Amino acid sequence: MAIPALAAAAAAAYLLLNKNTSSSFRNSKANTRIDPSTSVTFEVLGPGGTTVIASPTNVSIDANETALSASVKGLQANRLAFQTSGSGAGTYVTSINNLAQLDNGPLSGWLYKVNNTFPSEGPAVYRVNPGDTITWVYTNDLGRDVGAPAVIFEGRGRKVPVNNYFVEPK
C-alpha cells in the first residue's frame, strides 16, 4: 500500500474554557465573552504533540459546524497562518504556522482529534457539537508518535480518506 502524501487538516485542538462570573467563556485573543452552549475548544500541538503552537482557545460555532470550519475560526483567532488543499469533503489542512506536511519526513503531517479521539472522517465532514475539544497535532510518524490508532484500509484502487491522510491502496 503506497502512502502518497499525508494530508492533514488545519487547526488545533482543545480550548481551555475560562469561566467567569456569568458562566460564559472568554476568548483570550479577542477578550470577548463566548457562550459555552455554542462553542468548542481549539488548540494546536507541534511535532509529536509536545509543543504548544496555539493554546486552548474558545471558538463560537454555528449549527452543522465541521471540525474544519471551527478549526479555521480557531486558527484565525490565534492569527496562525495555514494552508489547505483539496475541496469539499476532501479539504484538509496542509500547513499550520509554517509547519507543513512532509517537513519532518515522508510520514509527517497534520492530524486532528475531537475529544481526544481521532475520527475516521476528514475534518471537512466531521460535525462538532458545543463543548467538544478539537486538537490539531503534527505527527512525524503517520500518527504512531501521537497515539493515533493503527488504520486498516480497504481499497478498490481509489484514494481512501482516513482522518487527514489520503491513502492510495494497491
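In what follows, the structure referred to is the one given above.
Because the structure is a prediction, the values reported are computed rather than measured. (Residues numbered from 1 in each chain as written. Predicted model: local features only at pLDDT ≥ 70, side-chain atom pairs only at ≥ 80, totals over all residues. Heavy atoms only, no water.)

## A short note on the overall build of the chain
Phase 1: Helix and strand counts for the chain come out as one helix and twelve strands.
Phase 2: Starting at the N terminus and ending at the C terminus, the chain contains elements arranged as β-β-β-β-β-α-β-β-β-β-β-β-β.
Phase 3: Buried positions account for 47% of the 170 residues belonging to the chain.
Phase 4: Restricting the contact set of the chain to residue pairs at least 6 apart, pairs at least 24 apart contribute 65%.
Phase 5: For the chain, the accessible surface area stands at approximately 8,300 Å², while carbon and sulfur atoms represent 49% of it. (Helix = DSSP H or I, 4+ residues; strand = E, 2+ residues; numbered from the N terminus. Buried < 20%, exposed > 50% of the residue type's maximum accessible area, 1.4 Å probe, protein only. Contact = heavy atoms within 4.5 Å. Areas by Shrake-Rupley, 256 points an atom, 1.4 Å probe, with all protein chains shown as cover.)

## A word on the environment of Gly48
Phase 1: Structurally, Gly48 can be placed in the loop between β4 (39–47) and β5 (52–60).
Phase 2: In this view, Gly48 contacts Tyr138, Asn140, Asp145 and Val146; residues no more than four positions away in its chain are not counted.

## Let's talk about the pairing of strand β6 (residues 82–85)
Phase 1: Note: β6 against strand β7 (residues 92–96), four bridges, orientation antiparallel. Its bridge partner being in β7, Ser85 is matched across the sheet by Tyr92. (Pairing = 2+ DSSP bridges.)

## Quick look at the pattern of salt bridges
Close approach of charged atoms lets side chains of opposite charge pair.
Phase 1: Counted according to the given criterion, the structure contains three salt bridges.
Phase 2: Note that Glu65 and Lys73 form a salt bridge whose closest N and O atoms lie 3.1 Å from each other.
Phase 3: Glu65 gets classed as buried once you look at its relative accessible area, which sits at 6%.
Phase 4: Between Arg144 and Asp141 there is a salt bridge whose closest N-O contact spans 3.4 Å.
Phase 5: Judged by its relative accessible area of 54%, Arg144 is exposed. (Salt bridge = Lys/Arg side-chain N within 4 Å of Asp/Glu carboxyl O.)

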